[in-house]
Amino acid sequence: MKFLHSMIRVKNLEESLKFYEQLLGMKQVRTKRLEDCTLYFLEDENGGQIELTYNDDTPQEGYINGNAFGHFAFAVESFDEFTKRLYSLGYKYLYEPFDLDGKGSIIAFVNDPDGNEIELVQNVVW
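Per chain, residue numbering runs from 1 following the sequence as it is written. Only residues with pLDDT of at least 70 get local features here, since the model is predicted, and only at 80 or more are side-chain atom pairs given and counted; chain-wide, interface and lining totals rely on the full set of residues. The basis for every side-chain value is the complete set of non-hydrogen atoms in the structure, without hydrogens or water.

Explain the environment of E119 to me, using residue names and the numbers behind them.
A helix here means a DSSP run of H or I that spans at least four residues, while a strand means a run of E at least two residues long, and both kinds are numbered starting from the N terminus. One can find E119 in strand β8 (residues 117-122). Along the backbone, E119 and G66 are 53 residues apart, and their C-alpha atoms lie at a distance of 18 Å. In contact with E119, not counting residues within four places along its chain, are H71, F72, A73, F74, I107, A108 and F109. Of the polar contacts made by the side chain of E119, one reaches the side chain of H71; its length is 2.7 Å. The contact criterion used throughout is that any non-hydrogen atoms of two residues lie within 4.5 Å. Here a polar contact is taken to be a pair of N or O atoms separated by no more than 3.5 Å, where protein atoms must pair a possible hydrogen donor with a possible acceptor and residues adjacent in sequence count only if both atoms sit in side chains.

What follows is the structure, given as structure tokens:
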């Protein structure tokens, strides 16, 4: 069995594409139109995918996340470079980079345009 992707519903497609493509470096690889929505598949350089679903009848206030979902996690090469890109695109940290365990793993968090938490990890040490 192979994991394929995670899907999230988005309120503002343009802002979500900007966040995932320009900030996180994902690329749109395909789009699929369904009866009541359009699916946008974004992929990282290793083939990991997120599906952004834009419904025709998106609630004006957006979607309410349940309390079971935690976050997506992405590896970053350098927080110095990522931070420059983050601020240049008009985003800010939810939690600034910090040393997770004293062994070199630096993590930080940002929110995507719909409030989903994104964990960023530099020097992954498990």
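Can you explain helix α2 (residues 79-88)? Please cite residues and give values.
The buried label goes to any residue with under 20% of its type's maximum accessible area, the exposed label to any with over 50%, and the partly exposed label to all in between, with areas taken from a 1.4 Å probe on protein chains only. When α2 is considered as a whole, its buried residues turn out to be F79, F82, T83 and L86. Take α2 and look down its axis: the buried residues cluster within an arc of 100 degrees, on one side only. For α2, exposure combined with an orientation more than 90 degrees from the buried face picks out D80, K84 and S88. Looking at the buried positions of α2, the neighbouring elements they touch are α1 (13-23), β6 (95-99), β7 (106-111) and β8. What the arc describes is the spread of directions from the helix axis to the C-beta atoms.

Could you give an account of the sheet that holds β7, with specific residues and numbers?
Read from one edge to the other, the open sheet built from four strands follows the order β5-β8-β7-β6, with strand pairing classed as mixed. The sheet is open, and its two edges are formed by β5 (72-75) and β6, each paired on a single side. Mean inter-strand twist for the sheet, computed between neighbouring axes without regard to direction, equals 20 degrees. Here, any two strands with at least 2 DSSP bridges between them count as paired. In the sheet, β6 pairs with β7 via three bridges, with the strands oriented antiparallel. When the bridges of β7 are listed, F98 appears paired with I107. Lines fitted to C-alpha atoms define the axes, with helix axes restricted to the stretch in contact, and inter-axis angles between N-to-C directions lie between 0 and 180 degrees.

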